[in-house]
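# Observations on chain architecture
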Amino acid sequence: MCETCEEPRWSTWLLFNCSNYQEHPDDAEIGIAVITNGARAPEITAAMEELVCSLCGAPFEAVGEESALTPCLTHDLERFKSYGYATLKDDEVIG
């Protein structure tokens, strides 16, 4: 559990697409899926607004949010990877 709230640490996936992913090679990722919770979501969104795609240098756009299938996170990881997302934990984005 989160130290400052009752919400589980890994309860939410935030999805961000590269704003230029249509120009990526077919086998390249389209964006990033970040596992977090509602309390940290605004901080993650703000951090992602500052990042650019390592492939093409374009900014990221918030495109969605999903509830995590805790404790089945392996299923989520595989699903998002199959959709073309890199998967990160929130502390990998904001440290």
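Everything here concerns the structure above.
Below is a short write-up of the structure. (Residues numbered from 1 in each chain as written. Predicted model: local features only at pLDDT ≥ 70, side-chain atom pairs only at ≥ 80, totals over all residues. Heavy atoms only, no water.)

## Comments concerning the packing of aromatic side chains
Selection rule: Any two rings among Phe, Tyr and Trp, with Trp reduced to its six-membered ring, count as a pair given centres within 6.5 Å; such a pair is stacked if its planes are under 30 degrees apart, edge-to-face if over 60, and tilted if neither. Secondary structure elements follow DSSP: runs of H or I no shorter than four residues count as helices, runs of E no shorter than two count as strands, and numbering proceeds from the N terminus. A simple rule labels every residue: compare its accessible area, found with a 1.4 Å probe on the protein chains alone, to the largest value its type can have, and call it buried under 20%, exposed over 50%, or partly exposed in between. Consider the ring centre and the ring normal. A charge sits over the ring if Lys NZ or Arg CZ is within 6 Å of that centre and within 35 degrees of that normal.
All chains considered together, the criterion is met by 3 aromatic pairs. For the pair phenylalanine 80 and tyrosine 83, a centre-to-centre distance of 6.3 Å together with 85° between the ring planes defines the contact as edge-to-face. With phenylalanine 80 and tyrosine 83 both in helix H2 (residues 73–83) and 3 residues apart, the pair spans about one turn of that helix. On the accessibility criterion, phenylalanine 80 (1% relative accessible area) is buried. A centroid spacing of 6.2 Å and a plane angle of 90° characterise the contact between phenylalanine 80 and tyrosine 85, whose relative ring orientation is edge-to-face. Residue tyrosine 85 is classed as buried on the basis of its relative accessible area of 8%. Of the aromatic side chains, those joined through ring pairs into one cluster are Trp13, Phe80, Tyr83 and Tyr85. One cation-aromatic arrangement involves arginine 79 over phenylalanine 80; the distance from NZ or CZ to the ring centre is 4.5 Å.

## Digging into the pattern of salt bridges
For clarity, the cut-off: By salt bridge we mean one thing: a side-chain nitrogen of Lys or Arg within 4 Å of a carboxyl oxygen of Asp or Glu.
In the structure shown here, the tally under the stated rule is 4 salt bridges. The salt bridge involving aspartate 90 is made with arginine 40; its shortest N-O contact spans 3.2 Å. Of this pair, aspartate 90 sits in helix H3 (residues 90–94) while arginine 40 sits in the loop between strand S2 (31–36) and helix H1 (41–50); the two residues are 50 residues apart in sequence, bridging distant segments of the chain. For aspartate 90, a relative accessible area of 0% gives the class buried. The partner of aspartate 76 in a salt bridge is arginine 79, and the shortest N-O contact between them spans 3.1 Å. Taken together, the positions of aspartate 76 and arginine 79, both in helix H2 and 3 residues apart, correspond to about one turn of that helix.

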